[in-house]
Amino acid sequence: MSIFSRRRSAFTLIELLVVIAIIAILIALLVPAVQKVRAAAARTQCVNNLKNLGLAVHSYHDVFKQIPPNAKSISYSWAGDSVQLGPNTWTWIARILPYIEQGPLASQYNIPTGTLGNAQAGLATIIPVLICPTAGDSPNPATDWPNISGISMGITNYKGVSGCNWAWSSNAAWNFNDTAKGNNGLDNGNGIFYRSDGGRKLTLTGISDGTSNTLMIGESYHTASADNKADQHCGGWAYPNYVNATCAIPLNFVDTYSTSYGDWGNRYSFHSKHEGGGNFALADGTVRFVSNSITYTTYQAASTHANGEVATLDP
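Here the structure is a predicted model, which is why all the values come from computation and not from measurement.

About the thresholds
- Residues numbered from 1 in each chain as written.
- Predicted model: local features only at pLDDT ≥ 70, side-chain atom pairs only at ≥ 80, totals over all residues.
- Heavy atoms only, no water.
- Helix = DSSP H or I, 4+ residues; strand = E, 2+ residues; numbered from the N terminus.
- Buried < 20%, exposed > 50% of the residue type's maximum accessible area, 1.4 Å probe, protein only.
- Contact = heavy atoms within 4.5 Å.
- Areas by Shrake-Rupley, 256 points an atom, 1.4 Å probe, with all protein chains shown as cover.
- Pairing = 2+ DSSP bridges.
- Patch = residues over 30% accessible without salt bridge, like charges linked within 9 Å, V, L, I, M, F, W, Y side chains within 5 Å.
- Salt bridge = Lys/Arg side-chain N within 4 Å of Asp/Glu carboxyl O.
- Core = buried A, V, L, I, M, F, W, Y, C linked by side-chain atoms within 4.5 Å.
- Polar contact = N/O pair within 3.5 Å; in protein donor to acceptor, adjacent residues only side chain to side chain.
- Phe/Tyr/Trp six-rings, centres within 6.5 Å; stacked < 30°, edge-to-face > 60°.
- Lys NZ or Arg CZ within 6 Å of the ring centre and 35° of its normal.

1. Some words on the overall build of the protein
- Each helix and strand counted, the protein has six helices and five strands in total.
- Order of helices (α) and strands (β) in the protein, N terminus to C terminus: α-α-α-α-α-β-β-β-β-β-α.
- Residues classed as buried in the protein amount to 50% of the 315 residues present.
- The contacts of the protein with a sequence gap of at least 6 include a subset with a gap of at least 24, amounting to 70%.
- For the protein, the computed accessible surface area is about 14200 Å², with 58% contributed by carbon and sulfur atoms.

Dropping the structure here:
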């Protein structure tokens, strides 16, 4: 046999280019599909987190015959708030720790009966059910909190709905005065949670607009960089100022009025990195995806718990 008959022919340049082009096309087709699968998985995990939080709120209600409250008052300083006993401080999230598989954490640091100061080491705990996989929070735990800077706290991407009465936005159209409550949505909200609701006892039967029509918990995210998408008031899970938000500001609004964290009046709201909207737990424990296209009137109506509106949310 001739030596020439055993020689293998190599790829030509054209053949090599064709193979490379085919591989490039396959990658271009595959990457978006993988991204869609990842996005769907992240959205599913977020929905499951909210379902667990909604169930925990109901479990707390079954035991204590009320929605888990936040603080009775806040002094907005670590020196003042860290020494307050449990009934006067802590958050609705801190009170449901035993119902989200965090009973040992609650027991170890005497949460929510003891003081924030005595539980300081525990405040830095990162609780998996409070983290949306799309939020991309960094760092976690964080220390860059307004009023109590330097205190390390684990982040929550889920905040209680405070309603729609508001007074501090740079956009006057978003400042709504609830005549029964006044427009102080921080400390006298017309939603299920607000930061100093500890002096009010709310039950499920008190949600007269209907538990299937009322938003209870929504998404947000915290960023440590001073950009105009950040919401620094979201959210150390143990501090009442950081676990609630208003629906007076439209869903996923990006603040263009200021690049300062001090412009909280346009940021104390709900933000999601899920495309097209955000997930919310309703008061009945179900979870709905609320579209960015929801009308402002409907969004407001769905955020109040006893104002007599009938809100039809996105299907």
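2. Remarks on the sheet that holds strand E4 (residues 277–282)
- Read across the open sheet, the five strands follow the order E3-E1-E2-E4-E5; overall the sheet is mixed. Bordering the open sheet on either side are strand E3 (244–245) and strand E5 (287–291), each of which pairs with just one other strand.

3. Focus: a nonpolar patch on the surface
- Together, Ile14, Val18, Ile22, Ile25, Leu26 and Leu29 make up a nonpolar patch on the protein surface, roughly 620 Å² of accessible area in all.
- You can see Ile14 is positioned in helix H1 (residues 13–64).
- The exposure class assigned to Ile14 is exposed, which follows from its relative accessible area of 63%.

4. Side note on the nonpolar core
- Counting 52 residues, the largest nonpolar core has Met153, Ile217 and Trp237 as the members making the most contacts within it.
- Looking at this core, the elements that each hand over two or more residues are H1, helix H3 (92–95), helix H4 (103–108) and strand E2 (215–219).
- It is H1 that provides the largest number of residues to this core, a total of seven residues.
- With near-sequence residues (within four places) excluded, Met153 lies in contact with Leu123, Ala124, Asn140, Pro141, Ala142, Trp145, Ile148, Gly236, Ala238, Tyr239 and Tyr242.

5. Some remarks on the pattern of salt bridges
- Under the definition given, this model contains two salt bridges.
- Of the charged contacts in the structure, one is a salt bridge between Arg200 and Asp197, with a shortest N-O distance of 3.6 Å.
- On the accessibility criterion, Arg200 (17% relative accessible area) is buried.
- Taking the relative accessible area as the measure of exposure, Asp197 reaches 1% and is therefore buried.

6. Details of the pairing of E4
- The buried fraction of E4 is high, at six of six residues.
- With five bridges connecting them, E4 and E5 associate as antiparallel partners. Bridged to Gly278 within E5 is Val290.

7. Remarks on unusual backbone geometry
- Note the cis peptide between Ile111 and Pro112, where omega equals 5°.
- Secondary-structure assignment places Pro112 in the loop between H4 and helix H5 (120–123).
- The step from Asn140 to Pro141 runs through a cis peptide bond, and the omega angle for that step is 5°.
- Relative to the helices and strands, Pro141 is located in the loop between H5 and strand E1 (158–161).
- If you check the backbone angles, Glu101 has positive phi at about 65° while not being a glycine.
- You can see Glu101 is positioned in the loop between H3 and H4.

8. Some points on the side chain of Ser220
- Take Ser220: it is sitting in the loop between E2 and E3.
- According to the relative accessible area criterion, Ser220 is buried, its value standing at 3%.
- At 3.2 Å, the side chain of Ser220 and the side chain of His271 are in polar contact.

9. Some details on the packing of aromatic side chains
- Applying the stated rule across the entire model yields 12 aromatic pairs.
- For the ring pair Trp168 and Trp264, a centre distance of 5.4 Å and an interplane angle of 45° mean the geometry is tilted. In this pair, Trp168 is assigned in the loop between E1 and E2 and Trp264 in the loop between E3 and E4, connecting sequence segments 96 residues apart.
- Under the relative-accessibility criterion, Trp264 is labelled partly exposed at 26%.
- Through successive ring pairs, a cluster of aromatic residues spans Trp166, Trp168, Trp264 and Tyr268.
- The residue whose ring lies beneath Arg43 is Phe289, and the NZ or CZ to ring-centre distance is 3.7 Å.

10. Observations concerning the environment of Leu215
- Looking at the element boundaries, Leu215 is found in strand E2.
- On the basis of relative accessible area, Leu215 is assigned to the buried category, the value being 0%.
- C-alpha separation for the pair Leu215 and Ile192, spaced 23 residues apart in sequence, amounts to 8.1 Å.
- Once residues lying within four places of it in the same chain are set aside, the contact partners of Leu215 are Val161, Ile192, Cys247, Phe280, Ala281, Leu282, Val290, Tyr299, Ala302, Ser303 and Leu313.

11. Concerning helix H6 (residues 296–303)
- Looking only at H6, the buried set comprises Tyr299, Gln300, Ala301, Ala302 and Ser303.
- Lining the buried residues of H6 we find E1, E2 and E4.

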